[in-house]
Each structure stands twice: as structure tokens, then as C-alpha cells.
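Secondary and tertiary structure notes
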Amino acid sequence: MTAGQQRQRYAALPPGFGRTIGTTSLLAGLVSLVLGLVAGVLIVALGYRLPTSANPTTIVMVGMGGISAFFQVFSCVTLLTARSYVTHGHLDVPFATRARRLLVVFWAGTVATTVISCWVLVKAVESPGNFSRGERVEFGPPVVGYLVLLAVPCALALCNLLVDRWLLRPSARTLRRYADGETTAH
């Protein structure tokens, strides 16, 4: 590999920014992972306790909610690997680009499955008679709370995406400041 090819593959980072990438990605990834796992367990456990649980579409709603949490957990794993893209103060640009794209895919999957799950729940509540032990179900605290719970993995995946974008795509201004500091030091 020539020096020109190596410069294209690796981008210099400001002093200390490599450490920031490592600690921030680890901290944000672990917090998001724990919250995502808790949300996933609650989505599955509480989904079958809703007033609409007798509705045959409940399995679709809970399944899509669980898949949403599954996508979010994979976005956490991707964020946790961000520190491996830094070597000796340089960012491995192709790998960082792939990680950013992967996080967009995981976020989109989380959004899609969250929307489907919420739509199925709303349709189950709005359906006449809604198969719920013979009683009419309204948008009360259990249903609204569950809708909010379904949005948690989506919000966490978005946070992972934004943190990763900030870490693995440093602005040109930041890199320019680093280059100016480096030239004045020599």
C-alpha cells in the first residue's frame, strides 16, 4: 500500500479525539444496549397483558415490537465497535463509512417495525368489539403507555445513529483545526 492510498484510507484525528471516540461509543453503546434490552423484554411481556390481548393480531404487534428492539440492539453493537476504527490517532474511513450506513439500516428497520406494531395496536383498539373478552377497549393509560414503549427502541436507535455520525464523521472544521495546529507545531 502506497502512502497516497494510506492517506485516503485513514484520516487524521484531532489530539484526544480518538480517545473520545472510544469512551463515548462505549458509554453510549452500553447505556443504549441496557435500555434497549429492558424495552424489548417489556414490549414482549406487557404486550400480552394489554386489554387487546385477546385480539388475534396481538402476536403480530408483539412480534414487530420485539423485532424493533432486536434492530436497536444490533445498532448498539455497531456503535460499540466504533472504537476499533481508530488506530494511532487516525480514523479508518472505509470501515467508519460502513458502520454509519449500517446504523442507518438498523434505524430504518427499527422505524419500520415500530410503525407496523403501532398500527396493528391502533387497529386492534379501533376495531368494533376488538375481540377483547367482549368489552370495548379505549385508548386508556395501558394502550397509550404501550405505544410510548414501542417508540423507545426507535428513539434509542436514532440516538445511536446521531452519536455515531458525530464520532465517525468529524467535521472538516475540526480536521482543519488539527491540521493548523500540526503545521504550527513543526
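The structure contained in this document is the topic of the report that follows. (Residues numbered from 1 in each chain as written. Predicted model: local features only at pLDDT ≥ 70, side-chain atom pairs only at ≥ 80, totals over all residues. Heavy atoms only, no water.)

**What about the state of the cysteines?**
Going by this rule: Disulfides are defined as pairs of cysteine sulfur atoms found within 2.5 Å of each other. Throughout, exposure labels follow a simple rule: accessible area from a 1.4 Å probe, protein chains only, divided by the maximum for the residue type, with under 20% read as buried, over 50% as exposed, and the rest as partly exposed.
Scanning all chains against the criterion turns up zero disulfides. For the unlinked cysteine cysteine 154, the closest cysteine sulfur is that of cysteine 118, found at 8.8 Å. Residue classification places cysteine 154 among the buried positions, given a relative accessible area of 17%.

**Regarding the packing of helix H2 (residues 17-47) against helix H3 (residues 58-80)**
So the rule is basically this: Axes here refer to lines fitted to C-alpha atoms; in helices the fit is confined to the stretch in contact. Angles between the N-to-C directions go from 0 to 180 degrees. Runs of H or I in DSSP of at least four residues are treated as helices and runs of E of at least two as strands, each being numbered from the N terminus. Geometric relationships in this document are graded by angle, where less than 35 degrees denotes roughly parallel, more than 145 denotes roughly antiparallel, 65 to 115 denotes roughly perpendicular, and other angles denote oblique.
One can describe the packing of H2 onto H3 by two numbers: an axis separation of 9 Å at closest approach and a directional angle of 170 degrees. Taken together, the axes of H2 and H3 lie roughly antiparallel to each other.

**Let's talk about a nonpolar patch on the surface**
Our working definition: Exposure above 30% relative accessible area and the lack of any salt bridge qualify a residue for a patch; like charges then connect within 9 Å, and the nonpolar side chains Val, Leu, Ile, Met, Phe, Trp and Tyr within 5 Å. Calculation of accessible area relied on Shrake-Rupley with a 1.4 Å probe; when residues are assessed, cover is drawn exclusively from the protein chains displayed. By convention in these notes, a salt bridge is any Lys or Arg side-chain nitrogen within 4 Å of a carboxyl oxygen on Asp or Glu.
A grouping of Val44, Tyr48, Ile59, Val60 and Ile116 is seen on the molecular surface, where their side chains present a nonpolar patch of about 430 Å² in accessible area. When you line up the elements, tyrosine 48 lands in the loop between H2 and H3. Under the relative-accessibility criterion, tyrosine 48 is labelled partly exposed at 42%.

**Details of the environment of tryptophan 166**
Selection criterion: Note on contacts: a residue pair is in contact if any heavy atoms of the two residues lie within 4.5 Å.
When you line up the elements, tryptophan 166 lands in helix H5 (residues 141-168). Distance from tryptophan 166 to isoleucine 21, taken between C-alpha atoms, is 9.2 Å for residues 145 residues apart in sequence. Leaving out residues up to four positions away in the same chain, tryptophan 166 has contacts with Phe17, Thr20 and Thr24.

**Considerations on the pattern of salt bridges**
Applying the stated criterion across every chain, the model contains two salt bridges. Where arginine 9 meets aspartate 92, a salt bridge forms, and the shortest distance between an N and an O atom there is 2.9 Å. In this pair, arginine 9 sits in helix H1 (residues 3-9) while aspartate 92 sits in strand S3 (residues 90-92), placing the two residues 83 residues apart along the sequence. For arginine 9, a relative accessible area of 26% gives the class partly exposed. Between lysine 123 and glutamate 126 there is a salt bridge whose closest N-O contact spans 3.8 Å. Remark: glutamate 126 and lysine 123 occur in helix H4 (residues 93-126); sequence separation between them is three residues, near one turn of the helix.

**Structural notes on the sheet that holds S3**
Defined as follows: Whether two strands pair comes down to DSSP finding at least two bridges between them.
Strands sit in the order S1-S3-S2 across an open sheet of three strands; the sheet is antiparallel. With one partner strand each, in any of the chains shown, strand S1 (10-12) and strand S2 (86-87) form the two edges of the open sheet. Alignment of S1 against S3, held across three bridges, turns out to be antiparallel. Following the sheet pairing, alanine 12 is matched in S3 by histidine 90.

**Topic: the side chain of serine 25**
To keep things clear, this is the line we draw: Polar contacts, as used here, are pairs of N or O atoms within 3.5 Å; protein pairs need one atom able to donate a hydrogen and one able to accept it. Residues neighboring in sequence count only if both atoms are side-chain atoms.
Position of serine 25 relative to the elements: it lies in helix H2. Side-chain polar atoms of serine 25 contact the backbone oxygen of glycine 22, separated by 3.2 Å.

**Things to note about the packing of aromatic side chains**
Any aromatic ring pair is given by two values, namely how distant the centres are and how the planes are angled relative to each other. So the rule is basically this: Two rings from Phe, Tyr or Trp (for Trp, the six-membered ring) form a pair when their centres sit within 6.5 Å of each other. Planes less than 30 degrees apart are called stacked, planes more than 60 degrees apart edge-to-face, and all others tilted. Should the NZ of a Lys or the CZ of an Arg lie within 6 Å of a ring centre and within 35 degrees of the ring normal, that charge is described as sitting over the ring.
The final tally for this structure, using the stated rule, is five aromatic pairs. The interplanar angle of 80 degrees and the centroid separation of 5.8 Å between the aromatic rings of phenylalanine 17 and tryptophan 166 together place this pair among those described as edge-to-face. Of this pair, phenylalanine 17 sits in helix H2 while tryptophan 166 is found in helix H5, placing the two residues 149 residues apart along the sequence. Owing to a relative accessible area of 12%, phenylalanine 17 belongs among the buried residues under this scheme. Among the aromatic residues, ring-to-ring pairing joins Phe70, Phe71, Phe74 and Phe106 into one connected group. Positioned over the ring face of phenylalanine 95 is arginine 98, at 5.0 Å from the centre of the ring.

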